[in-house]
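Per-entry structural report
Here are the chains, one letter per residue:
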Amino acid sequence: MRSHPADYEFVSPGSIGAVLELLHCEPGEWLPVAGGTEVMVQYSAGRLAARRLVNLWDVKELCRITETDTTLTIGGGSTFTQLREHRSVQEHFPLLAQAASWTGSIANQNRATIAGNIVNASPAADSPPALFAYEAELELVSVSGARRIAYTDFHLGYKKTALAPGELLFAIHLPKRFAGWFRYGQKTGTRNAQAISKVCIAGVGRLAEGRVESLHIGMGAVAATPLRLRKTEESLVGAALTKSAIANARHVLLTEIAPIDDIRSSAEYRGHVAGNLLEALLCTFAASKDVA
Amino acid sequence: MGQERIVGTPVLRKEGVAKVRGAARYIDDISLPGMIYGATVRSSIPRGRILKIEFGEGIPWDQFVVASAKDIPGENVIAMINRDWPCLVSEQVNHPEEAILLLAHPDRHLLPKAVAAVRIEYVPMQSVHSIEESERGDVVVWGEDNVFKQFLVEKGDVDAAWSQADYIVEGEYSTGAQEHLYIENNGVIAAYMPDEGLTIWGSMQCPFYVHKSLVLLTGLPEDKVRIIQVETGGAFGGKEDYPSMIGAHAALLAMKSGHPVKVMYDRMEDMVATTKRHPSRTRIRSAVTKDGKLLAAEIDFALDGGAYSTLSSTVLSRGTIHAGGPYCWPNIRVRSKAVATNCPPHGAFRGFGAPQSLFAIERHMDRVAQAIGMQPDELRRRNFLRQGLTTSTGQVIREPVDLEGLLSRALALSDYPAKRERFDRENLGAKKKKGIGISAFLHGSGFTGSGERNLNSVAAMEATADGKLRVLVSSTEFGQGTNTILCQIAAEALGIDYDAIEIAPPDTSLVPNTGPTVASRTSMIVGKLVHSAALGLKQTLQTSGLLGEGWTTDEFCEAAKAHVAKYGALRSTSRYEPPPDVYWDDQKYRGEAYPAFAWAVYVAEVTVDMITYGVTVDDFVAVQEVGRVLNPVLATGQIEGGVAQGIGYAIYEKVQWERGRMANGQMTNYIIPTSQDIPPIRVFFEETPFSHGAFGAKGIGELPMDGPAPAILNAVSHATGDDFNSIPLLPEDIYLRLGLSRAVPAEVVTV
Amino acid sequence: MSRKMFSMLVNGEAQTLEAYPMERLLDVLRDHLGLTGTKEGCGEGECGACSVLIDGELVNSCLVPIAQANGTEIVTIEGIANGRELHPAQQAFLECGGAQCGMCTPGMIVATVHLLKKYPRPDAEQIREGLNGNLCRCTGYMRIFEAVEKAAALELTR
């Protein structure tokens, strides 16, 4: 353990209002911590720059999952276990339940939160591709109130997000409109559990008369941020999923990803496997009939 | 054989209840009054001279004890085989993370900050970071020529054989470093009192190795240095030599501070600073007839030893002797060397050179089979060693050996023939290709050649004043079952219950030197000594008239108690005697290399995912002949655990080197299999009792490390139709290889 | 910064202690409460040797600041046995050879207990997944899987 506990301040205001007030009064001073599966690793390694931490784990307002006929609203403090086990997530957003099952281990899923996963903004995070596929909307709150942005507007650069100073990710809104859609999710990691992604993909789509009517694909670990593959989707919308259309989509994919060499894998491998995963997704899509 | 009551049965682990309760006390669970903590300041460069050391601000340095090489009372050396391994850097750094200074303070959490606050300026020197760079000799970093050790083993007339060959097959095979990743990191506590001397408690395999090193380092008399092994959470060879280093560090701080000192590594420090398995490169050139008879082989075997020689000569020795595999080579030449590079010295790791050279020969055999158009199992069948044939060192196999039987059994259990054929049919164009591969191998039990004779091990059995029966050995438990099997053997020999036998803590002031707990020698050799010692004790009691014709456990213990009361201490010792007709020439490296070999055939079934290029092992069959299974649950556990490590060695575990430093020193980036990665591992034993091993036992601890990697790579090569000769084999490597070429035939010259 | 008071139930006993809020639960258990059964293997939430139950949930105690464990119910390996009587999971690990060096064992048994509460009759996949955060370097997991199955059987007959 390479940090000295005495050097850190950790406060538990207990309510969302009190936390936001603290973040507002002392801007840039306080690092919010929910499950701690990211922050505590840095702390243990002696690499945590922040010295003042504010507890989100006991903020009950962040943990609710509510739904209407049209929308499922997931509180930012929902853990991956909660996502996996929630009936509506399983039914309406199975790729998100799947992504939650990919993350870390059972013990880590019991503590890791969806907001933590999003805000930590690792390009290799497990939930973003599914959130892109389902066209998630984020609700950000501060003392000034709440605002919503499309998830696709959230990641601005490597570990840079649209979260303003004093803001917290309060909830994720998911539209319940994907019943019967084709879906596909795959993760490639270093092993079957407790693996950071080398490439991960999640996609939903719908065919109409043999042509692509809708297609949303998210991909992780192939750029400085998690990606929504807009260009690749556009190259396919309205088209039939022929061999050449799929081969062409592979080319388009390479123009919108920018994989790197790092401690886990190589740019060349990532680029090629990203293409393979896209192809697998599209071939499975092509072979599917609209599933009830 | 087989009439025993206790040996051969699955009695419960001796210290098992404590372990499942969480009551077993490992070194970090122990504190002493007045104990403070120690930490190590390490080099950040691979090679160079220290110019300046500065102690930065923000740390209350006056509260710290600081020790350097100048504080070493005796020799600044951790003595292993040679004396080139410094305890602390005095002027020149020879690898990243080399220990330079030691710090101690009562506040454990302050130490990492203090370590980070020490600034060291170096004058960097050129460094060497591969076998190739080292052997080129442009930059000499050790001795005259970077070579720690060399061997030459010759049998027959290799040079004359080439002209007899129908095929000559060549290949180069390589293996990477491997980190032990015992779940418990290295740790020790040292305490020093001028009258009592130095005591060191710790996680370790060989208390007497630590003793020897610390006597030299401190200059203290032998009876003023006491080493005690405590519960040890895994070792695998990684705690064979390293505890002498960390023990020395704690001792220096204890002696300087006047307090007991605990030095406990965290995971990152343990990974970057301690020993790893030697990386290897093997080049094989072999001559074979069109009927699949091996005629000759020329093998070049090289190991990367890291910055100091430590155990490299013995790892090289074992790798050299095993380089020919379980085959009869009429002619063979093995040239081997261990060379220096600037990374932390490599050390013992389960298998100790054999996994490296056996990987090469077993991959090579498959390629030879392919070259001559023969099935891999058939080629092996035609060349297996048998009773009466000789190994590459000229050792005559005296015991019956039935490798063909092991092979047939393994092939049947794994459904190899049908699967091989089916996979061949179904793989074309498949998104998931399947393969099945074999490895056949041997592993010598015990120390090489005259090693056991030189160790001259002694074991003892004693009865205490209250009638308890105790085994006294320096053999240590670190999960493999030492405590259990030695107590089983003693109980069997004495004719009493297993529960009535205790085993003394491995405390050098208490137990005789039974040798180190390495080399798969504990069951076979130490077990035999314990057996004799126990028989001796029983005989003493019988002769004294205190025991009748038969006895219950209680009666035996009463008799022992009475004997002690009447005559004083009751102790029976037994000293190692080498088997007769064992001859070994250390100069020519010829003769009886090992008293016995265990033999095995393993089969791995794999899937190669052509989307991700990931390999999954789907099924694993391990068949081995081990002399005698002393405890079926423990023995099976040893094989399963070794296979899991072998699977990691083959397809998961990669040390990422950056100029001699391990860059991926965290569990998140050094990948071992989880419960969701491991295949069913199916273990089968055969027993051909070895007359000089305890109840016929041979060693099994290291055997399972030798087989998995070549079997898996043979399977992957089968699945893809391509040629994979280097481990660790990661998806990135498979992708690169498949992207570059179609199926590559073995490099073949047909004559 | 200053220490604060924290209270929790540990293995059924109320505990009140003074600690820095950012002390890891792992260190509080081991150093303040002397419960050294929970081990540190990696400090990064990968090996699971530090596994405990917080309010019935399996967590890595090396990643939990003590402040977040305030007011919770914690069960460590020391709280698994029923006094002198071993828990079926412990008995099964003993009989099946599920523990070799024993370092991963406390966390592995806590994870087993957690798994069996969730799935009293776990299939092979559920067992593998339930233990996927507990690394073992000695056993190759086979004896551990067998131990979990045996523990499930023992529990059902209890």
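Residues numbered from 1 in each chain as written. Chains lettered and ligands numbered in written order. Predicted model: local features only at pLDDT ≥ 70, side-chain atom pairs only at ≥ 80, totals over all residues. Heavy atoms only, no water.

**Side note on the overall build of chain C**
Note the threshold: Helix and strand assignments come from DSSP, with helices taken as H or I runs of at least 4 residues and strands as E runs of at least 2, each series counted from the N terminus. Only C-alpha atoms enter the radius of gyration; for comparison, a globular chain is expected to reach 2.2 Å times N to the power 0.38, where N is the number of residues. A 1.4 Å probe rolled over the protein chains alone gives each residue an accessible area, and that area as a share of the maximum for its type sets the label: buried under 20%, exposed over 50%, partly exposed in between. Lys and Arg are tallied as positive, Asp and Glu as negative. Neither His nor the chain termini are counted. A charged residue contributes its charge at one atom only: NZ of Lys, CZ of Arg, CG of Asp or CD of Glu.
The helix and strand tally for chain C stands at five helices and five strands. Compactness check: chain C gives a C-alpha radius of gyration of 16 Å against a globular reference of 15 Å for 158 residues, within 12% of the reference. Principal-axis analysis of the C-alpha atoms gives chain C an extent of 50 × 30 × 25 Å. The buried share of chain C, taken over its 158 residues, is 67%. One finds the centroid of the 14 positive side-chain charges in chain C at a distance of 3 Å from the centroid of its 20 negative side-chain charges.

**Some words on the overall build of chain B**
Threshold: Residues are treated as being in contact if the distance between any of their heavy atoms lies within 4.5 Å.
A count of helical and extended segments in chain B gives 20 helices and 29 strands. Once the C-alpha set of chain B is aligned to its principal axes, its extents read approximately 75 × 75 × 50 Å. For chain B, long-range pairs separated by at least 24 residues make up 81% of all intrachain contacts whose partners lie at least 6 apart in sequence. Positive and negative side-chain charges in chain B, numbering 73 and 90 respectively, have mean positions lying 1 Å apart.

**Some thoughts on the pairing of strand E3 (residues 52-55) of chain A**
All names here are of chain A. Stated formally: If DSSP finds at least two bridges between two strands, the strands pair. The path from the first strand over the helix to the second decides the hand: if it runs clockwise while the strands point away from the viewer, the crossover is right-handed.
Here E3 shows no split at all, with Arg-52 and Val-54 on one side and Leu-53 and Asn-55 on the other all buried. Bridge count for strand E1 (residues 9-11) against E3 is three bridges, and the pairing is parallel. Within E3, the residue paired with Val-11 across the bridge is Val-54. Relative to E3, strand E2 (residues 31-33) is paired through three bridges, and the arrangement is parallel. By the bridge assignment, Pro-32 is partnered in E3 with Val-54. Following the chain from E2 across helix H2 (residues 39-44) to the adjacent parallel E3, one finds a crossover that is right-handed.

**Here we look at the domain arrangement of chain C**
All names here are of chain C. What counts here: Domain start and stop positions are those given by an automatic or database domain assignment. Note on definitions: buried area is the accessible-area loss of two parts on being combined, 1.4 Å probe, summed for both. Here a salt bridge means any side-chain nitrogen of Lys or Arg lying within 4 Å of a carboxyl oxygen belonging to Asp or Glu. Whenever a nitrogen or oxygen atom comes within 3.5 Å of another N or O atom, the pair is scored as a polar contact, on the condition that within protein one atom can donate a hydrogen and the other can accept it, and that pairs from neighbouring residues in sequence are kept only if both atoms are in side chains. Under this grouping Gly is polar, as are all residues other than the nonpolar Ala, Val, Leu, Ile, Met, Phe, Trp, Tyr, Cys and Pro and the charged Asp, Glu, Lys and Arg.
With domains assigned, chain C is organised as domain 1 (4-79) and domain 2 (88-157). Summarising the inter-unit geometry, the C-alpha centres of domain 1 and domain 2 are found 21 Å apart. Contact residues are listed per partner, giving 15 residues for domain 1 and twelve residues for domain 2. Here domain 1 and domain 2 share an interface that buries about 1100 Å² over both sides, 66% of which is from carbon and sulfur atoms. Counting across the interface, domain 1 meets domain 2 through zero salt bridges. Here domain 1 and domain 2 share five residue pairs in polar contact (both at pLDDT 80 or more) between them. Of all elements in the fold, only strand E3 (51-54) and strand E4 (57-60) reach the threshold of two or more residues within the side of domain 1 that touches domain 2. For the side of domain 1 that touches domain 2, the element with the highest residue contribution is E3, accounting for three residues. Broken down by class, the residue content of the side of domain 1 that touches domain 2 amounts to six nonpolar, five polar and four charged.

**Overview of the nonpolar core**
Nonpolar side chains tend to gather and get buried jointly when the protein is soluble and globular. Inclusion rule: Each nonpolar core is a collection of buried residues, namely Ala, Val, Leu, Ile, Met, Phe, Trp, Tyr and Cys, held together in the definition by side-chain atoms within 4.5 Å.
Grouped together as the largest cluster of nonpolar side chains are 237 residues, with contacts concentrated most on Met-219 and Leu-282 of chain A together with Leu-214, Trp-599, Ile-712 and Val-716 of chain B. With sequence-adjacent residues up to four places away left out, Leu-282 of chain A is seen in contact with Leu-215, Leu-236, Leu-241, Ile-246 and Ala-249 of chain A. Counting 47 residues, the second-largest nonpolar core is a separate cluster that includes Val-7, Val-11, Ala-463 and Val-530 of chain B.

**Examining the interface of chain A and chain C**
Across the boundary between the two partners, chain A contributes 31 residues, which contact 29 residues of chain C. Here chain A meets chain C over a buried area of about 2600 Å², counting both sides, of which 56% is carbon and sulfur. It is Phe-10, Met-40 and Ile-106 of chain A in chain A that bury the most area against chain C; as a group they hold 23% of the surface buried on that side. The tally of links between chain A and chain C comes to three salt bridges.

**Considering the interface of chain B and chain C**
Between chain B and chain C, the residue contacts involve 52 residues of the former and 47 residues of the latter. Between chain B and chain C lies a buried interface of about 3800 Å² when both sides are counted; carbon and sulfur atoms form 56% of it. By the criterion of area lost to chain C, the three top residues of chain B are Val-20, Arg-21 and Ile-183 of chain B, representing 20% of everything that side buries. The interface formed by chain B and chain C includes five salt bridges. Here Glu-653 of chain B makes a salt bridge to Arg-137 of chain C, at a shortest N to O gap of 2.8 Å. Put simply, chain B and chain C have 30 residue pairs in polar contact (both at pLDDT 80 or more) between them. Within the residue set of the side of chain B that touches chain C, elements represented by two or more residues are helix H1 (16-21) and helix H17 (632-651) of chain B. Ranked by residue count, the leading element in the side of chain B that touches chain C is H17 of chain B, at eight residues.

**Quick word on the side chain of Arg-267 of chain B**
All names here are of chain B. Counting through the fold element by element, Arg-267 comes out in helix H7 (residues 267-273). Put simply, Arg-267 is tucked away with no salt bridge, and the nearest opposite charge, on Glu-179, sits 4.9 Å away. A polar contact is formed between the side chain of Arg-267 and the backbone oxygen of Tyr-182, at a distance of 2.8 Å. Side-chain polar atoms of Arg-267 contact the backbone oxygen of Ile-183, separated by 2.8 Å.

**Side note on the pattern of salt bridges**
Counted under the stated rule, the structure contains 79 salt bridges over all chains. Here Arg-571 of chain B and Glu-462 of chain B are joined by a salt bridge, their closest N and O atoms 3.7 Å apart. With Arg-571 of chain B in strand E20 (residues 570-575) and Glu-462 of chain B in strand E17 (residues 458-463), this pair connects stretches of sequence that are 109 residues apart. Residue classification places Arg-571 of chain B among the partly exposed residues on the basis of a relative accessible area of 43%. For the salt bridge of Arg-24 of chain C with Asp-27 of chain C, the shortest nitrogen-to-oxygen distance reads 2.7 Å.

**A few points about unusual backbone geometry**
A cis geometry characterises the amide bond from Ile-727 of chain B onward to Pro-728 of chain B, with omega recorded as 0 degrees. For Pro-728 of chain B, the location among the structural elements is in the loop between strand E28 (726-727) and helix H20 (731-740). Even without being glycine, Gln-194 of chain A reaches a positive phi, approximately 50 degrees. Here Gln-194 of chain A lies in the loop between strand E11 (182-188) and strand E12 (199-208). Phi angles above zero are rare outside glycine, and Phe-695 of chain B is one such case at about 50 degrees. For Phe-695 of chain B, the location among the structural elements is in the loop between strand E27 (681-686) and helix H18 (703-706). Under the relative-accessibility criterion, Phe-695 of chain B is labelled buried at 16%.

**Some thoughts on the environment of Gln-587 of chain B**
When you line up the elements, Gln-587 of chain B lands in the loop between strand E21 (584-585) and strand E22 (590-591). Residues Gln-587 of chain B and Pro-355 of chain B, spaced 232 residues apart in sequence, show a C-alpha to C-alpha distance of 24 Å.

**Considering the packing of helix H15 (residues 522-544) of chain B against helix H16 (residues 553-567) of chain B**
Residues and elements named next belong to chain B. Operational definition: Angular values range over 0 to 180 degrees, each being the angle between N-to-C directions of two axes fitted as lines to C-alpha atoms, with helices fitted over their stretch in contact. By definition in this entry, angles of less than 35 degrees are roughly parallel, angles greater than 145 are roughly antiparallel, angles of 65 to 115 are roughly perpendicular, and the rest are oblique.
Following both chains from N to C, one finds H15 and H16 inclined at 75 degrees, their axes separated by 11 Å at the closest point. Classified by the angle their axes make, H15 and H16 are roughly perpendicular. Contact with H15, carried on its side by Leu-537, Lys-538, Thr-540, Leu-541 and Ser-544, involves Phe-556, Ala-559, Ala-560 and His-563 of H16 and no other residues of that element. Here the residues of the contact of H15 with H16 are counted per class, giving five nonpolar, three polar and one charged.

**Here's the deal with the environment of Ala-559 of chain B**
Residue and element names in this part refer to chain B. Along the polypeptide, Ala-559 turns up in helix H16. Given a relative accessible area of 4%, Ala-559 falls into the buried group. Expressed as a C-alpha distance, the spacing of Ala-559 and Thr-668, which sit 109 residues apart in the sequence, is 57 Å. Ala-559 has contacts with Leu-541, Leu-546 and Leu-547, leaving out every residue within four places of it along the chain.

**Comments concerning the sheet that holds strand E4 (residues 92-93) of chain B**
Within a sheet, neighbouring strands are paired by backbone hydrogen bonds and run either parallel or antiparallel to one another. Residue and element names in this part refer to chain B. One open sheet holds the three strands; their spatial order is E4-E2-E6, and the pairing between them is antiparallel. Each having just a single partner strand, E4 and strand E6 (118-124) make up the two edges of the open sheet. Bridge count for strand E2 (residues 48-55) against E6 is seven bridges, and the pairing is antiparallel. Bridge pairing links Lys-52 to Glu-121 in E6.

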